[in-house]
Amino acid sequence: MNDGRPEPDDDPFAQLLDPEFASGAVVRELSAEERLRAAQRSVRSGELQIRLADEQAQQRSIQRRSRRRKWLRRGALMVLVSLVASWAIRYQSNVERSGTSIAQTTSRPVNFPPVDTSASKTPLGVPPPAPSGDGEYSFMRTQPDSADPVAWDPCRPVRYVVNWDGAPAGAQELVDAAVKRVSVATGLVFQYDSTTDETWSNDREPFQPDRYGKKWAPALIAWSTDKQVPGLGGYIAGLGGPAPVSSQSGQFVSVSGKVLLDIEAFNSMLASPGGEARARAVVQHELGHLVGLDHVADPHQVMFSGGSSDPPTEWGSGDLAGLHALGKGDCFPDV
Ligand SMILES: [Zn+2]
């Protein structure tokens, strides 16, 4: 029955990147309370610790310097500490008065879980060699002052949970098959944690200790309709993106993320001939966003964002080259 939605063949395989989510927790608007906490944290645990650590390193390398100079430098550090502390007090009162967003002055997210001491010291897997070919690929975000992509930490599994509520029959096989293709192409190890009743939210927190314990929240894969999530309206069959945070070094790493799949669009695809491969490719596309791939204009890539009567159902050379790079990100033991 035609309910006004596009027929499967008219569906242009056009999944939208959710721009809010693509930028992750780092630049979201913070509440007044969060801004205050962030101001306190950035001064107490961030800047001072970094300055003190720098100081200690310098002390070790210059042991021959005279005690007098050492005390002078310590005095200077004390002055610096006092200046930073007084700046913090002034800044907090400014925040209280004006509500100025600290998101513009710090790149650290508000909430970090304790350091994950179970993380491997070396990558859990490596991607296969990048293919030859001139297919296009693009990253959702690159590191500051570099063309390197913001990626997931390959020393830890990409944990994910699925809310199967409303999912079409066969959804688990679709997700499993798509996850496997992303894992093979990136070398990233994916770990299915559990089902969840968490639903899509535009401002999903990457750290939800009440729901998921004192770890980064697993990536969420969920199903919904355009009535529940207007972002799925029109031709949109899915949404997806990572949640990157900043490490102490200023480099970014994805720690969580989310994928939303349109129940009606999938039912429609699965009811058409050959629709299973196409539906799986849509999940691949959204998982491609989850690991950091952006759209391309090349119609031979799964990350193509335009309409096509015959969209690819397997990665193209550009997809694979991008996924190769996304599997070779740095490990971030401090995140
Ligand atoms: Zn997309």
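Residues numbered from 1 in each chain as written. Predicted model: local features only at pLDDT ≥ 70, side-chain atom pairs only at ≥ 80, totals over all residues.

### Quick word on the overall build of the protein chain
The test is simple: We count a stretch as a helix when DSSP gives it H or I for four or more residues in a row; a strand needs E for two or more, and each element gets its number in order from the N terminus. As a rule, residues whose C-beta atom has 12 or fewer other C-beta atoms within 10 Å are exposed, those with 20 or more are buried, and those in between are partly exposed; C-beta atoms are placed from the backbone. We call two residues in contact when the distance between their C-beta atoms, placed using the backbone, is within 7 Å.
Assigned secondary structure in the protein chain consists of eight helices and seven strands. Residues counted as buried form 36% of the 335 residues belonging to the protein chain. Pairs at least 24 apart in sequence give 80% of the contacts found in the protein chain among residues at least 6 apart.

### Regarding the nonpolar core
As a reminder of what qualifies: Any set of buried Ala, Val, Leu, Ile, Met, Phe, Trp, Tyr and Cys residues joined through C-beta atoms within 7 Å is what this text calls a nonpolar core.
Core analysis: the largest hydrophobic core is formed by 62 residues, its most contacted members being Val175, Ile221, Val253, Val283, Leu287 and Val291. Valine 291 has contacts with Trp152, Val182, Thr186, Leu188, Pro242, Leu323 and Leu326, leaving out every residue within four places of it along the chain.

### Quick word on the confidence of the model for the protein chain
Selection criterion: Per residue, pLDDT measures the predictor's confidence, with a range of 0 to 100.
Per-residue pLDDT for the protein chain has a mean of 77; in total, 67% of the residues score no lower than 70. Contacts for the low-pLDDT stretch residues 1-36, under 50 throughout, to residues beyond four places or in other chains number 79 contacts. Counted against residues more than four places away or in other chains, residues 38-67, with its pLDDT under 50, gives 23 contacts.

### Looking at the pairing of strand E7 (residues 252-262)
Where a strand is regular, its side chains alternate between the two sheet faces. Rules: In this description, strands pair whenever DSSP reports at least two bridges between them.
Among the 11 residues of E7, 11 are classified as buried, and the element is accordingly described as predominantly covered. With two bridges joining them, strand E2 (residues 151-152) and E7 adopt parallel strand pairing. Pairing of alanine 151 across the sheet is with valine 253, part of E7. Relative to E7, strand E6 (residues 238-246) runs antiparallel, the two sharing nine bridges. Bridge pairing in E7 links glycine 238 to leucine 261. Counting the residues that bridge the hairpin from E6 to E7 gives five residues, and of these glycine 250 lies at a positive phi of roughly 95 degrees.

### Side note on helix H7 (residues 275-291)
Worth spelling out the cut-off: A helix is expected to span 1.5 Å multiplied by its residue count minus one.
Compared with the 24 Å implied by 1.5 Å per residue over 17 residues, the 24 Å span of H7 between its first and last C-alpha is a close match. When you tally the buried positions in H7, you get 14 out of 17 residues, the bulk of the element. Among the residues trailing H7, glycine 292 stands out with phi positive, at a value near 125 degrees.

### Side note on the environment of proline 206
Residue position: proline 206 is located in the loop between strand E4 (190-195) and helix H5 (209-212). The sequence separation of proline 206 and glycine 257 amounts to 51 residues, and the corresponding C-alpha distance is 7.3 Å.

### A short note on helix H6 (residues 263-270)
Rules: Our arc is simply the arc of the directions from the helix axis toward the C-beta atoms.
Taken together, the buried positions of H6 are occupied by Ala265, Phe266, Ser268 and Met269. Taken around the axis of H6, the buried residues stretch over an arc of 160 degrees, which confines them to a single face. Summarising the contacts, the buried residues of H6 are in contact with E7 and H7.

### Some remarks on unusual backbone geometry
Apart from glycine, the bulk of residues carry a negative phi angle, and the bulk of peptide bonds sit in the trans form. In this structure, aspartate 145 is a non-glycine residue whose phi angle is positive, near 60 degrees. Structurally, aspartate 145 is set in the loop between helix H3 (67-98) and E2. Take aspartate 145: there are 8 C-beta atoms within 10 Å of it, and that puts it in the exposed class.

### A short note on the environment of alanine 169
Mapped onto the elements of the fold, alanine 169 is located in the loop between strand E3 (158-163) and helix H4 (171-186). The spatial distance from the C-alpha of alanine 169 to the C-alpha of phenylalanine 266 is 9.9 Å, given a sequence separation of 97 residues.

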